[in-house]
Amino acid sequence: MNLENTIGLGVAGNFAGHLEQAGEAKDFLKVAVKDAIQPKAIFPFYVPSEVLAERDQFLAAFPLSSDTINFPNDADNLQIEPEVALMCEIQYDNQQVVALKPTHFAAYNDCSIRRPNARKICEKKNWGTNSKGLSANWITLDKFEQGGNLDDYHIACFHKRAGVLNEYGIDSPTVGYSYFHQQLLDWIVDRMNHQPDQDPMNNIADLLARANYPTQAVISIGATRYTEFGERNFLQVNDTSIVAVYNAKQYRHEQIVAMAETEQFAEDISALVQKVK
């Protein structure tokens, strides 16, 4: 997959309680939602374009890595955000998005700087090369609807420092997402076409046009809740971040913990192990 030609988008607020733990719920107070569990917005983390507005030019830096996190120069409150990412084909009609077709999924780390005064969500997301995490092990989706293979998967997250492993995210089933399957896709399509450049949000339709209407998107669909340790502890240089998306019908959580200890995962697990440098 040539990810450098693929737009990168994320979903904010698609797992109950995460925004409150991250101290970001107040960023979305002015964002209107139709129901209490609806996600808040989508945001760009990578836009393959040479004609971005000056304020958005940082989004042209390719941020994805499967093994490294570059520690930012201007912040020390950096957190892992364990998620599932979908590889999606984008279908257009008359320069409007009409459908998303997910084909694969993988473990994702929407690594984020906690910037309370950031103007936009995206300003916490891309600080250059190796600022995001994406597993090299994509798993083929049979269908993105109820009963599909992704429904059997869980998201686990760990932090290791000086050889000591801690659980950073609460082991969570993918079906725990607030919006999932076609409901999620329909909502994302609507936001791609109609989300305004307002408060923490970006106008995604404008970014798609500036990227010459890319045909693929990597879409991270929301971070899970933190453990007490994850909520209170931030990444430091030489730490290791681990996100694993695994089939809970084939593996017990204790087996995933054992693999995280050795940083060696079975081939049918989408694992993401990143060293902070």
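Quantities reported herein were computed from a predicted structural model and do not represent experimental measurements.

Scoring rules and cut-offs
- Residues numbered from 1 in each chain as written.
- Predicted model: local features only at pLDDT ≥ 70, side-chain atom pairs only at ≥ 80, totals over all residues.
- Heavy atoms only, no water.
- Buried < 20%, exposed > 50% of the residue type's maximum accessible area, 1.4 Å probe, protein only.
- Helix = DSSP H or I, 4+ residues; strand = E, 2+ residues; numbered from the N terminus.
- Pairing = 2+ DSSP bridges.
- Disulfide = S-S within 2.5 Å.
- Salt bridge = Lys/Arg side-chain N within 4 Å of Asp/Glu carboxyl O.
- Phe/Tyr/Trp six-rings, centres within 6.5 Å; stacked < 30°, edge-to-face > 60°.
- Arc of directions from axis to C-beta.
- Contact = heavy atoms within 4.5 Å.

Draft legend 1. Layout of the pairing of strand β1 (residues 7-12). When you tally the buried positions in β1, you get six out of six residues, the bulk of the element. Burial along β1 is two-sided: the face carrying I7, L9 and V11 and the face carrying G8, G10 and A12 are both buried. In terms of strand pairing, β1 meets strand β13 (residues 216-220) through four bridges, oriented parallel. Bridged to L9 within β13 is I219.

Draft legend 2. View of the state of the cysteines. Following the criterion strictly, the structure yields zero disulfides and no others. We note that C88 lacks a disulfide partner, and the nearest cysteine sulfur, in C122, lies 20 Å from it. Note on C88: relative accessible area 1%, which makes it buried. Cysteine C111 remains unbridged, with the sulfur of C157 as its closest cysteine sulfur at 9.8 Å. Residue C111 is classed as buried on the basis of its relative accessible area, which comes to 0%.

Draft legend 3. Summary view of the sheet that holds strand β12 (residues 164-173). An order of β4-β15-β14-β11-β12 is seen for the five strands of this open sheet, with the pairing classed as mixed. In the strand order of this sheet, the two ends are held by β4 (68-69) and β12, each with one partner. Bridging between strand β11 (residues 153-161) and strand β14 (residues 240-247) involves eight bridges; their strand directions are antiparallel. Across the sheet, K160 pairs through a bridge with T240, a residue of β14.

Draft legend 4. The arrangement of the pattern of salt bridges in detail. Counted according to the given criterion, the structure contains 15 salt bridges. With a shortest N-O distance of 4.0 Å, E254 and R252 are connected by a salt bridge. Taking relative accessible area as the criterion, E254 reaches 52% and is therefore assigned exposed. Under the relative-accessibility criterion, R252 is labelled exposed at 53%. One salt-bridge network, in which partners are shared between bridges, spans E81, D110, R114, K125 and K132.

Draft legend 5. View of the packing of aromatic side chains. Overall, the coordinates contain ten aromatic pairs when judged by the stated rule. Ring geometry for F144 versus F180: centroids 5.1 Å apart, planes at 80°, classification edge-to-face. Separated by 36 residues along the polypeptide, F144 in the loop between β10 (139-140) and β11 and F180 in the loop between β12 and α2 (181-194) bring together distant segments of the chain. Look at F144 and you get buried, because its relative accessible area is 9%. Between Y179 and W187 the ring centres are 6.5 Å apart and the planes differ by 85°, which places this aromatic pair in the edge-to-face class. Assessed through its relative accessible area of 5%, Y179 is described here as buried. An aromatic cluster is present here, built from F15, F144, Y177 and F180 joined pairwise through their rings.

Draft legend 6. Structural detail: unusual backbone geometry. With a phi close to 55°, H181 is a non-glycine residue in the positive phi region. Position of H181 among the secondary structure elements: in helix α2. For H181, a relative accessible area of 15% puts it in the buried group. Phi is positive for E263, close to 60°, though the residue is something other than glycine. Relative to the helices and strands, E263 resides in the loop between α5 (253-262) and β15 (270-276).

Draft legend 7. Region of interest: the pairing of β14. The buried fraction of β14 is high, at eight of eight residues. With burial as the criterion, each face of β14 is covered, one bearing T240, I242, A244 and Y246 and the other bearing S241, V243, V245 and N247. Inspection of the sheet shows β14 paired to β15 by six bridges, in the antiparallel sense. Following the sheet pairing, T240 is matched in β15 by K275.

Draft legend 8. Just α5, in detail. Among the residues making up α5, those that are buried are I256, M259 and A260. The arc that holds the buried residues of α5, viewed along the axis, is 100°, so those residues lie on one side. On its buried face, α5 sits against β11, β12 and β14. Positive phi shows up at E263, right after α5, with a value of about 60°.

So far we have only geometry, and geometry alone does not tell us how the molecule works.
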